[in-house]
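# A closer look at the structure
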Amino acid sequence: MAIFRDGLFFWGEMMNSEKLKETLSEALAEARVAPDIEGLEHVRIKYLGRKGLLPGVMKGLGGLPPAERGEMGKLANRLKTELGGLLDQRREELESGAMGNVSFDFTLPGAWHAAGTRHPIARVIEDAAAIFARLGFTVAQGPDVETAYRNFEALNTPDYHPSLDEQDTFWLESGDLLRTQTSPVQIRVMESTQPPIRVITPGRCYRRDTTDATHSASFHQIEGLYVDTRVSLADLKATMGYFAREMMGPGVGVRFRPHFFPFTEPSVECDFSCHVCAGKGCRVCKFSGWIEIAGAGMVDPRVFKKVGYDPTAVTGFAFGMGVERIAMVKYGIPDIRMLYDNDIRFLKQFA
Amino acid sequence: MKIPISWLKDYVEITETPEELADLLTFSGTEVEAIETVGSEYEGVVVGKVREVSPHPNADRLRLCRVFNGKEELPVVCGADNVAPGVKAPFAGVGTVLPNGMVLKRARIRGEESLGMLCAEDELGLSHDHAGILLLDPALEAGTPLVEVLGPPEIVFNLEVTWNRSDCLSVIGMAREIAALTGRPLTIPEVTVTETGPDVASFVRVSIDSEDVCPRYTARVLQGIKLGPSPLWMQRRLSLCGVRAINNIVDITNYVMLESGHPLHAFDYQLLQGGQIVVRTAVPGESMATLDEAERELDVASLVVADETKPVALAGIMGGAGSEIQESTQHVLLESASFAPAGIHRTSTRLGLTTESSHRFERGVNIETVDWAGNRAAALMSELADATIAKGMVDEYPGRAERKRVYLSFQHTTDLLGVAIAGREITDILRRLQFPVVAEDEEGCTVEVPGFRHDIYIEADLIEEIARMYGFDRVPDARILCAVSPDAFDLPFQAETACRTVLTGLGLSEAVNYSFISAQLIDLFMPDGEASRVVLPNPVSSDQSVMRPSLIPQMVDVLGRNLSRQVREAAMFELGKIFERDASGTITEHKRLCLGLLGPVGRHPQDKRRDVDAEEMFRWLKGILEALLRSQHVLNEELTSYDAVMFESGTGVEIRVGDRVLGCMGLVDRKLGSEWRMQEPVAVAELDFEILTGGALERVDIEAIPMYPAVSRDVAMVVSSEVSHRQIEAVIRESAPPELTGLELFDIFASEGMGDGCKSLAYSLEFRSAERSLTDEDANGYQEAVKEALRAKLDAEIRDK
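Residues numbered from 1 in each chain as written. Chains lettered and ligands numbered in written order. Predicted model: local features only at pLDDT ≥ 70, side-chain atom pairs only at ≥ 80, totals over all residues. Heavy atoms only, no water.

## Description of the overall build of chain A
Short version of the rule: Strands are runs of DSSP state E lasting at least two residues, helices are runs of H or I lasting at least four, and both sets are numbered from the N terminus onward. Our radius of gyration looks at C-alpha atoms and nothing else; its globule reference is 2.2 Å times the residue count to the power 0.38. Buried means the residue's accessible area, taken with a 1.4 Å probe over protein chains only, is under 20% of the maximum for its type, while exposed means over 50%, and partly exposed covers the values in between.
Looking only at helices and strands, one finds 12 helices and 12 strands in chain A. Rg of the C-alpha trace for chain A: 40 Å, well past the compact-globule value of 20 Å for 351 residues, more than 25% over. For chain A, the C-alpha atoms occupy an extent of roughly 125 × 50 × 45 Å along the three principal directions. Put simply, chain A has 351 residues, and 55% of those count as buried.

Rendered as structure tokens:
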């Protein structure tokens, strides 16, 4: 670069306003076609860089006649702002990848694997555990193979009770059995712990039912137990009501019907109002407005005696419900066997 | 249990509608499962007299009848076997709509005109019986509307009586509930027994050998009975309750059983030997034929009613065929007794024989009213079968005992139910339930437990009575207060939830299979180890006869089933228990996690058509496994080759963590897979869940983020295909300085140009120092050392760019 009195020379050429205009449009064109950030940087250095064109022009301005000086100054400024602006814009475009000439079809399918799904049985159990956790219940588990003592006798079931029938229970050669309910886990908890107790016991149970649309020889239950001083039926009602609303929906209510279980007294069956029709009557609730969901009651003092608690000092409630039943009612599953068929097209719907 | 409302009204006033009454019972503990209407007004149906019967010219099974309907004689074609001249039967003329919906039209049947129909029970909606036309009392006048004969339609409740409430297994029992619920009086019929025969002692002696299983036995003797059908009103009540009418004597025993809950039995007195009844257990080798004509082998715990020489009834369950009431019966010995529930249940279960009688005895009958039931039946036999009643009743009553007394504290009632109920309301409820209150003060009361209640022993039993009569709907919801268990039992459950979260995030869906599996399926996968299988002695079916020793067989079955339904790919897991038996017979159960992959699950979506090869399938599963292990803080698993029947040779791997076996993985044996028509590799793994998750809660020491920059160098080489990635990694790690902080295989291929049995691998090495910035010269030096070691130890040909 050299500056002569009669003109501004740059890159071996005399730079006048005409020439500068030309250079500006060249620079803009170069900026437009630069394929990547690196190319763009070259353009910037060439025109705006420390050793580039613009600083040279600016330095030489002082040596120009005042008449030319004004126009050249304006042009140099345009070069700075227009080219600078374009470079910034292009840089942003290149960085964001939204470049017109690197176009792609955004309607193409995504290329990451889909998330898997929890089984509806696991889902109901986990949801129930989370609901009861808010009420201070922890989750206890126990073995599927149980003693007859914990499955029946400790639960105040006399040995000639119909539920002890050969037909209903899977007895093993050892004299143990496959638990018919998860209540023996409650016995285990009480045997090892002192009140207050708040547990739920989800798990697999077994009964010698012939499989059909609503029965399965192996199924899941969630039972719950609360033992403390002065636990009442009113507490049970409140707890079941809370669970019903959280599990099935805010408008769902519960009602109790007296029933009989050997291990609770009083015993009730617990119906939830139908979450589908809000109690008006529909196919899901067989037009009754109510769906039978749980068995419950106040723990029989004879059960407390079996585990060594003082029945005059503590009271408690217990409840139990079928996981498959809740899943079927909640998700509208017509046949229990669908839960054990494991068709991926069924399972994938529980996302 | 079925009960017509009209029968209940004999004992208690009912002003409620059937629906109101059903709600009252359901919400006090006896669920009304169904309300049925039996019978109808039978519009258009009258008593018809069959005047003539002649064969149908064109059909062997049909007959031509002339039926008089009170006004005219009409031709009727009838197919019933029991149609005969002179009989009377319900007749429906043309235009009648029958209760079963049938509309009668003028018809020609095989060419013969038929202007109406003689009806069977099913056509009238009385039962499902279509054995023949319903024969009516011959004394009825033809043309009488049938509704006048059969009575108006009946409402019948189908009740679910819970196991503890044996007192509700009768019409009087349910009437007692209704009386208690409504506060109306209960009226039990007075029984007047007119004894005109000789002393009963001259006919029979009764002895009880096993008094603990037969606390009371009564007998009456009735002479000169006239056997015949029981009156229509009785037949109808039996039928409404689902009991078949047989003859007046048997019907009366059933009627009184339904009415009072006391099963009775009538013996043909002349078929009993020695004028003797002995209640005893069976002797070894004894057997008897019961009324259902089955020959029953008795074990020594079976309780029988015997005469001098042989058992004549299976006590409390079923009578014997040899002393049954029959045409020739003249004198009857009527048994009313109480047998202990446990023995009846045991024998009934052992023989697989449940009857109306055993159903009641195994739940308990009212020992106090055993004699009432015997007297009631005797009086009815005198009235309806012209029987002469012998004087007196034999009443062996070794189990006579004082009534139990139970104390109830009003405060306890309020505390347990969470609602304040006044003492007066409590005692009022108990009185209405017929618990005599023998003492009462401000604090509580003491009641006697009447003989019909077998479920009241302690205070809580009475509180339940209060609760169900007071009404659960009147108990308010308490404010929820959380008393938290001091011990948390959650950890194993939380581990399950955590693994589910990781695995679903990795794209696997959860399966749940039965715990049972068929022996054949296990044999395919694990032919050895039969001794450790837990086999069910009483499976529901043979394909569910073994407790699963592994989750893998069902996983493969599930993948195969999906494949057969044109599902091309599936990534699944199951979390479940396996069961094993050791040499001593002890059963252990372990939680396992099973993984299974089918199809191109790890491929880019537009690259799924190519066949899946074994190596990539294995590596997809291995990748999932590694991600899962890291999530559970398992960092140092070791894989060793593992042969198993279920794995394709050379693809099975055992996974160890320290000195413990975490599990195994591999590709399913091809021949095994062909059982499910699997043509491409399928990968499965099974892990012990406790070992997998045991360290998940351990504290993790966090390393500082590096302060100095890293320098990368690549090392590419050609080695014999025998050389494993693990060997190369080991050599690199040994020969590199501690500054080696990253090592990654970034390329692997084999090509013909390389020569036979060779492959090319390229690794990226990252060096970094915690103390300073490494220079290029440092990195070059490290790289050279690595290259040198690879050449020396693995005979690697280092490829320089």
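## Describing the overall build of chain B
Using the following cut-off: Methods summary: accessible areas were calculated by the Shrake-Rupley approach with a probe of 1.4 Å, and residue burial reflects only the protein chains presented. Only four residue types enter the tally: Lys and Arg on the positive side, Asp and Glu on the negative side; His and the chain ends are excluded. By convention, the charge on Lys lies at NZ, on Arg at CZ, on Asp at CG and on Glu at CD.
Along chain B, the regular secondary structure elements total 20 helices and 40 strands. Against the compact-globule benchmark of 28 Å for 801 residues, chain B has a radius of gyration of 42 Å, which places it well outside the compact range. Across the 801 residues in chain B, those meeting the buried criterion constitute 52%. Within the structure as shown, chain B displays about 37,000 Å² of accessible surface, and the carbon and sulfur contribution to it stands at 48%. Taken as two groups, the 77 positive and 127 negative side-chain charges of chain B have centres that lie 3 Å from each other.

## Focus on the confidence of the model for chain A
For clarity, the cut-off: pLDDT expresses how confident the predictor is about each individual residue, on a scale running from 0 to 100. Whether two residues are in contact is decided by their heavy atoms, any of which lying within 4.5 Å being enough.
Overall, the predicted model of chain A reaches an average pLDDT of 87, with 92% of residues at or above 70. With pLDDT under 50 throughout, residues 1-5 of chain A is counted as low confidence; its partners more than four residues away or in other chains account for 8 contacts.

## A closer look at the domain arrangement of chain B
Which entries qualify depends on this criterion: For the domains described, the bounds stem from an automatic or database domain assignment.
Domain boundaries in chain B define domain 1 (2-39 + 155-182), domain 2 (45-152), domain 3 (195-396), domain 4 (405-474), domain 5 (491-693) and domain 6 (711-799). On a C-alpha basis, the centres of domain 4 of chain B and domain 6 of chain B stand 86 Å from each other.

## Describing the pattern of salt bridges
One side chain can pair with another of opposite charge once the charged atoms of both are near each other. Which entries qualify depends on this criterion: Within this document, salt bridges are pairs made up of a side-chain nitrogen of Lys or Arg and a carboxyl oxygen of Asp or Glu, the two lying within 4 Å of each other.
All told, the structure shown has 79 salt bridges over all chains when counted by the stated rule. Salt bridges here are not isolated pairs; linked through shared partners, they connect Arg165, Asp167, Glu177, Arg453, Asp455, Glu465 and Arg468 of chain B.

## What about the pairing of strand S10 (residues 264-273) of chain A?
Residues and elements named next belong to chain A. To be explicit about the condition: For two strands to count as paired, DSSP must find a minimum of two bridges between them.
Most of S10 sits out of view: 10 of its 10 residues are buried. Of the two faces of S10, the one carrying Thr264, Pro266, Val268, Cys270 and Phe272 and the one carrying Glu265, Ser267, Glu269, Asp271 and Ser273 are both buried. Bridge count for strand S9 (residues 254-261) against S10 is 7 bridges, and the pairing is antiparallel. Across the sheet, His259 pairs through a bridge with Ser267, a residue of S10. Hairpin connection from S9 to S10: 2 residues lie between these consecutive antiparallel strands. Strand direction decides the pairing type here: S10 and strand S11 (residues 290-299), joined by 8 bridges, are antiparallel. Looking at S11, one finds that Phe272 is bridged to Ile291.

## Structural notes on the environment of Ser357 of chain B
Counting through the fold element by element, Ser357 of chain B comes out in helix H8 (residues 356-361). Setting aside its immediate chain neighbours within four residues, Ser357 of chain B contacts Met257, Pro263, Gly316 and Ile317 of chain B.

## Considerations on the packing of aromatic side chains
This is how it is decided: Two aromatic rings from Phe, Tyr or Trp, using only the six-membered ring of Trp, form a pair when their centres are within 6.5 Å; if the ring planes differ by under 30 degrees the pair is stacked, by over 60 it is edge-to-face, and anything between is tilted. For a ring to carry a charge above it, either NZ of a lysine or CZ of an arginine must fall within 6 Å of the ring centroid while also lying within 35 degrees of the normal to the ring plane.
With the rule as written, the count across this model stands at 23 aromatic pairs over all chains. A centroid spacing of 5.1 Å and a plane angle of 70° characterise the contact between Phe339 of chain B and Phe361 of chain B, whose relative ring orientation is edge-to-face. In this pair, Phe339 of chain B is assigned in the loop between strand S21 (332-338) and helix H7 (341-351) and Phe361 of chain B in helix H8, connecting sequence segments 22 residues apart. On the basis of relative accessible area, Phe339 of chain B is assigned to the buried category, the value being 2%. An aromatic cluster is defined as three or more aromatic residues linked by ring pairs; in this entry it consists of Phe132, Phe137, Tyr226, Phe243, Phe272, Phe317 and Phe319 of chain A. Positioned above the aromatic ring of Tyr226 of chain A is the side chain of Arg198 of chain A, whose terminal nitrogen or guanidinium carbon lies 3.9 Å from the ring centre. Positioned over the ring face of Phe68 of chain B is Arg51 of chain B, at 4.0 Å from the centre of the ring.

## Notes on helix H4 (residues 171-182) of chain B
Residues and elements named next belong to chain B. Convention followed: One fewer than the residue count of a helix, multiplied by 1.5 Å, yields its expected span.
Here H4 contains 12 residues, and its C-alpha end-to-end distance of 16 Å stays within 8% of the 16 Å for a straight helix at 1.5 Å per residue. Of all the 12 residues making up H4, 11 are buried; the element is thus mostly covered by neighbouring parts of the structure. Every buried residue of H4 is accounted for by Val171, Ile172, Gly173, Met174, Ala175, Arg176, Glu177, Ile178, Ala179, Ala180 and Leu181. Count one or two residues on from H4 and you reach Gly183, which has phi positive near 80°.

## Points about the environment of Met717 of chain B
Residue and element names in this part refer to chain B. Tracing the backbone shows Met717 in strand S37 (residues 711-720). For the pair Met717 and Asp800, spaced 83 residues apart in sequence, the C-alpha separation works out to 8.4 Å. Setting aside its immediate chain neighbours within four residues, Met717 contacts Ile728, Lys759, Ser760, Leu761, Tyr763, Leu790, Ala796, Glu797, Ile798 and Arg799.

## Looking at the interface of chain B and chain A
Rules: By definition, the buried area sums, over both parts, the 1.4 Å-probe accessible area that each loses when the two are put together. Whenever two N or O atoms come within 3.5 Å, that pair is a polar contact, provided that in protein one can donate a hydrogen and the other can accept it, and provided that, for residues adjacent in sequence, both atoms are side-chain atoms. Think of it as three bins: nonpolar holds Ala, Val, Leu, Ile, Met, Phe, Trp, Tyr, Cys and Pro, charged holds Asp, Glu, Lys and Arg, and polar takes everything else, Gly as well.
Of the residues lining the interface, 87 residues belong to chain B; the matching set on chain A comes to 96 residues. Around 7,200 Å² of area is buried between chain B and chain A when both sides are counted, 60% of it from carbon and sulfur atoms. Run the count over chain B and chain A and you get 8 salt bridges. Between Lys577 of chain B and Asp144 of chain A there is a salt bridge, with the nearest N and O atoms lying 2.6 Å from each other. Where chain B touches chain A, the interface holds 35 residue pairs in polar contact (both at pLDDT 80 or more). Top element by residues in the side of chain B that touches chain A is helix H13 (residues 491-505) of chain B. It accounts for 7 residues. For the side of chain B that touches chain A, the residue count by class is 43 nonpolar, 21 polar and 23 charged.

## Focus: the sheet that holds strand S3 (residues 45-56) of chain B
Residue and element names in this part refer to chain B. Using the following cut-off: In this analysis, axes come from line fits to C-alpha atoms, helices being fitted only over the stretch in contact, and the angle between any two N-to-C directions falls in the range 0 to 180 degrees.
Ordered in space as S5-S4-S3-S6-S9, the 5 strands form an open sheet in which the pairing is antiparallel. The strands lining the two open edges of the sheet, one partner per strand, are strand S5 (73-78) and strand S9 (116-118). The average angle at which neighbouring strand axes cross in this sheet is 45°, direction not considered. Of the strand pairs in this sheet, strand S6 (residues 88-93) and S9 are connected by 3 bridges, and their pairing is antiparallel. By the bridge assignment, Ala92 is partnered in S9 with Met117.

## A short note on the side chain of Glu465 of chain B
By the secondary structure assignment, Glu465 of chain B is in helix H12 (residues 459-470). The contact partners of Glu465 of chain B, leaving out residues within four places of it in the chain, are Ile429, Leu433, Phe435, Arg453, Asp455 and Ile456 of chain B.

## Considering helix H10 (residues 323-331) of chain A
All names here are of chain A. Buried within H10 we find Val323, Glu324, Ile326, Ala327, Met328 and Val329. Tucked into the core, H10 has its buried residues touching helix H5 (120-134), strand S8 (218-228), helix H8 (233-248), S11, strand S12 (315-322) and helix H11 (338-341). Gly332 sits one or two residues past H10 and shows a positive phi near 70°.

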